[in-house]
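Per-entry structural report
Okay, here's what each chain looks like letter by letter:
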Amino acid sequence: MNYNVRINEVKNQDSKVKAFANVTFGNALTVRNISIVERREGDGCFISMPSYKSGYVDEYGMPEYKDICFPITSEFHRELSENILVAYEAKMDGTLKKNGMDFGDGTNEPEYSVKITPIEKEGSTLCGYGQITVENCFVISNVSVVQGQYGEFVSMPSFKSGDKKGSYRDIAFPVTKEFREKLFASVIENYHQAIERNQTMDYSRAAQPQQSMVAESRAMEPVAALR
C-alpha cells in the first residue's frame, strides 16, 4: 500500500483538534478530515477517523458516533496512525514538504472491492447503500447509489461545509477523472449484480412451494393406482 499524507493545521489554538490529515491512496483516492486530537492529559495526540452521529446512545446516555472511513486491520490502523503523526510532527517543526509525505512503495492505483445493498423505499431516490474496501485493509462506508433525473449516479460520503450556502463536501473522493469513472462504474455494476442475485433468490423461493406440490402429487400416484 502506498499513500500520501498532507496536514492542515487548525487556527484555533484552544481546540483539542490540532490539525486535519488528508490521505491519498495510490495517487487515486483521497480521504480527508482525519482529525489529529490532543490527549486530555496533554501527552501527545491521537488519530480520530471521520465519523457521524448515529441515532444510538451508549450506557451513559451519550450519543454514539460511527466511523465513516476506517482501517479494518490492527496492523494498518497502527501503521496509518503512526505515519499521520509523523507527518504532523514534521508539519509542526516546519520540515513537511508542500506536497506532503509519502509512505509505502510505488505509485500504483489501489486495489479495491465494492459491496452495495439495494434499497427499496417509497418516495426515496436512494437505490443502494454500501462500502468500498481499499487493499483489504481500509473501508470507505456510506457510499450511495442514487436515482437522478438522468439515471443512477454514485454519491460518496460527505459533510456539511458550514458555508452560507449550506453546501456539502465529499469526505472521500477519486482524485483523477479516469479513476473516478472506473470506481463509479464498479459501484453501479455491483449494485445491478446485487439486484439480479436478489431477483434470482426471490424466484427460487417462489418456485419451492410449487415444486413441493408437484413432488407430493407424484408420490401419491402409485397409491391412487392401487386403489
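Here the structure is a predicted model, which means the values were calculated and not measured. The residue numbering used here restarts from 1 in each chain and proceeds along that chain's sequence as written. Reporting of local features is limited, given that this is a predicted model, to residues whose pLDDT is at least 70; pairs of side-chain atoms are given and counted only at 80 or more, and all residues count toward the totals for whole chains, interfaces and linings. Here the side-chain values reflect all heavy atoms present in the structure, with hydrogen atoms and water set aside.

Describing the overall build of the protein
- Secondary structure elements follow DSSP: runs of H or I of four or more residues count as helices, runs of E of two or more count as strands, with numbering from the N terminus. When helices and strands are tallied, the protein shows 2 helices and 15 strands.
- Partly exposed describes any residue whose relative accessible area lies between the buried limit of under 20% and the exposed limit of over 50%, with all areas from a 1.4 Å probe on protein chains only and scaled to the type maximum. Expressed as a percentage of its 227 residues, the buried residues of the protein come to 34%.
- Throughout, a contact is declared for two residues whenever any of their heavy atoms are within 4.5 Å. In the protein, once contacts between residues fewer than 6 apart in sequence are set aside, the share between residues at least 24 apart is 45%.
- Accessibility throughout is a Shrake-Rupley quantity obtained with a 1.4 Å probe, and a residue counts as covered only by protein chains that appear here. Surface summary for the protein: the accessible area is close to 15100 Å², and the carbon and sulfur share equals 48%.

Here's the deal with the nonpolar core
- Put simply, buried Ala, Val, Leu, Ile, Met, Phe, Trp, Tyr and Cys residues joined by side-chain atoms within 4.5 Å make one nonpolar core. Among the nonpolar cores identified, the biggest contains 46 residues, and Val-5, Ile-7, Ile-84, Ile-132, Phe-138 and Ile-140 are the most heavily contacted of them.
- In contact with Ile-132, not counting residues within four places along its chain, are Tyr-112, Ser-113, Val-114, Phe-138, Val-139, Ile-140, Val-143, Met-156, Leu-183 and Val-187.

Description of the environment of Val-86
- Structurally, Val-86 is set in helix H1 (residues 74-92).
- C-alpha separation for the pair Val-86 and Met-101, spaced 15 residues apart in sequence, amounts to 9.0 Å.

Examining H1
- Helices are assigned an expected span. That span is 1.5 Å times one less than the residue count. Over its 19 residues, H1 extends 27 Å from the first C-alpha to the last, a length consistent with the 27 Å expected when each residue adds 1.5 Å.
- What H1 keeps buried is the set Phe-76, Leu-80, Ser-81, Asn-83, Ile-84, Ala-87, Tyr-88 and Ala-90.
- At the exit of H1 stands Gly-94, carrying a positive phi of roughly 80°.

Describing the packing of aromatic side chains
- Pairs were defined over the aromatic rings of Phe, Tyr and Trp, the Trp ring being its six-membered one, requiring ring centres within 6.5 Å. Orientation was assigned from the angle between planes: stacked under 30 degrees, edge-to-face over 60, tilted for the rest. Per the counting criterion, the structure on display carries 6 aromatic pairs.
- Summarising the aromatic geometry, the rings of Tyr-3 and Phe-76 are spaced 5.9 Å apart at their centres and angled 85° between planes, so their arrangement reads as edge-to-face. Here Tyr-3, found in strand E1 (residues 3-9), pairs with Phe-76, found in helix H1; they are 73 residues apart in sequence, far enough to count as distant.
- Judged by its relative accessible area of 2%, Tyr-3 is buried.
- Grouped by ring-pair contacts, the aromatic residues Tyr-3, Phe-25, Phe-76, Phe-103 and Phe-138 constitute a single cluster.

Here's the deal with the confidence of the model for the protein
- Known as pLDDT, the predictor's confidence for each residue is given on a scale from 0 to 100. Of the residues in the protein, 89% reach a pLDDT of 70 or more, and the chain-wide mean stands at 89.
- Under a pLDDT of 50 for its full length, residues 223-227 has, in the predicted model, 0 contacts with residues more than four places off or in other chains.

Focus on the pairing of strand E2 (residues 17-25)
- Most of E2 sits inside the fold, with 7 of its 9 residues counted as buried.
- Here, a strand pair is defined by DSSP locating no fewer than two bridges between the strands. Where E1 and E2 come together, 7 bridges link them in antiparallel fashion. For Arg-6, the partnering residue across the bridge sits in E2 and is Asn-22.
- Pairing of E2 with strand E3 (residues 29-38) involves 7 bridges; the strand directions are antiparallel. Within E3, the position partnered with Ala-21 by the bridge is Ile-34.
- The loop that links E2 with its antiparallel partner E3 comprises 3 residues; one of these, Gly-26, has a positive phi angle of about 55°.

Some remarks on unusual backbone geometry
- At Glu-135, a position not held by glycine, the phi torsion is positive, near 55°.
- Counting through the fold element by element, Glu-135 comes out in the loop between strand E10 (126-134) and strand E11 (138-148).
- In this structure, Asn-136 takes a positive phi of about 60° despite not being glycine.
- Assignment of secondary structure puts Asn-136 in the loop between E10 and E11.

Here we look at the environment of Ile-36
- Note on placement: Ile-36 falls in strand E3.
- For Ile-36, a relative accessible area of 0% gives the class buried.
- On a C-alpha basis, the gap between Ile-36 and Val-10 in space is 9.7 Å, while along the polypeptide they are 26 residues apart.
- Aside from chain neighbours lying at most four places away, what touches Ile-36 is Ile-7, Lys-16, Val-17, Lys-18, Ala-19, Cys-45, Phe-46, Ile-47, Ile-84, Leu-85 and Tyr-88.

Focus: the side chain of Ser-35
- Relative to the assigned elements, Ser-35 resides in strand E3.
- Those residues in contact with Ser-35 that sit more than four places away from it in its chain are Val-17, Ala-19, Phe-20, Phe-46, Ile-47 and Ser-48.

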